Amino acid sequence: MSTATHSAGGRQAAANAAVTIRNRIGTERPVVGLVLGSGLAGIADRFEDLRRLEYSDIPGFPVPTVVGHPGALVAGTLAGR
């Protein structure tokens, strides 16, 4: 596979994932993004207007194999943001 073909496929995979995420959590642009490790996943429990999307439901997203990792993208409001 050429680099151009691989790159085009990667862009399309990312676009497909973005559409899925946008459809499930809404089209409003986030103000802040947090990437939480397994030990900090409990912070998501504090979100208001919580929307949760399992990684397995997002095209091209890997499913975590770490025990205790929730494997989900979570959106909502935290501390007014």
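Everything below is about the structure printed above this text.
Residues numbered from 1 in each chain as written. Predicted model: local features only at pLDDT ≥ 70, side-chain atom pairs only at ≥ 80, totals over all residues. Heavy atoms only, no water.

## Focus on the nonpolar core
Then comes step 1: By size, the foremost hydrophobic cluster in this structure holds six residues: Ala 17, Ile 21, Ile 25, Leu 53, Ile 58 and Ala 75.
Then comes step 2: Counting residues per element, this core draws most heavily on helix 1 (residues 3-25), which supplies three residues.
Then comes step 3: Ignoring sequence-local partners within four residues, the contact set of Leu 53 consists of Thr 20, Ile 21, Arg 24, Ile 58, Ala 72 and Leu 73. (Core = buried A, V, L, I, M, F, W, Y, C linked by side-chain atoms within 4.5 Å. Buried < 20%, exposed > 50% of the residue type's maximum accessible area, 1.4 Å probe, protein only. Helix = DSSP H or I, 4+ residues; strand = E, 2+ residues; numbered from the N terminus. Contact = heavy atoms within 4.5 Å.)

## Examining the pattern of salt bridges
Then comes step 1: For the structure shown, the criterion picks out two salt bridges.
Then comes step 2: Ionic pairing is found between Arg 52 and Glu 54, a salt bridge with its closest N-O pair at 3.1 Å.
Then comes step 3: What makes Glu 54 partly exposed here is its relative accessible area of 29%. (Salt bridge = Lys/Arg side-chain N within 4 Å of Asp/Glu carboxyl O.)

## Focus on the layout of surface pockets
Then comes step 1: There is about 1,100 Å³ of room inside the largest pocket.
Then comes step 2: Taken together, 35 residues form the lining of the largest pocket, with Val 32, Leu 73, Val 74, Ala 75 and Gly 76 sitting closest to its centre.
Then comes step 3: For the lining of the largest pocket, the elements supplying multiple residues, two or more each, are helix 1, strand 1 (48-54) and strand 2 (72-77).
Then comes step 4: Of the residues that constitute the lining of the largest pocket, the class distribution is 20 nonpolar, seven polar and eight charged. (1 Å grid on protein atoms, 1.4 Å probe; cavity = no way out; pocket = protein on both sides within 12 Å on 5 of 7 lines; lining within 4 Å. Points joined across faces, edges and corners; volume = space filled by probe spheres on them. Nonpolar A, V, L, I, M, F, W, Y, C, P; charged D, E, K, R; others polar.)

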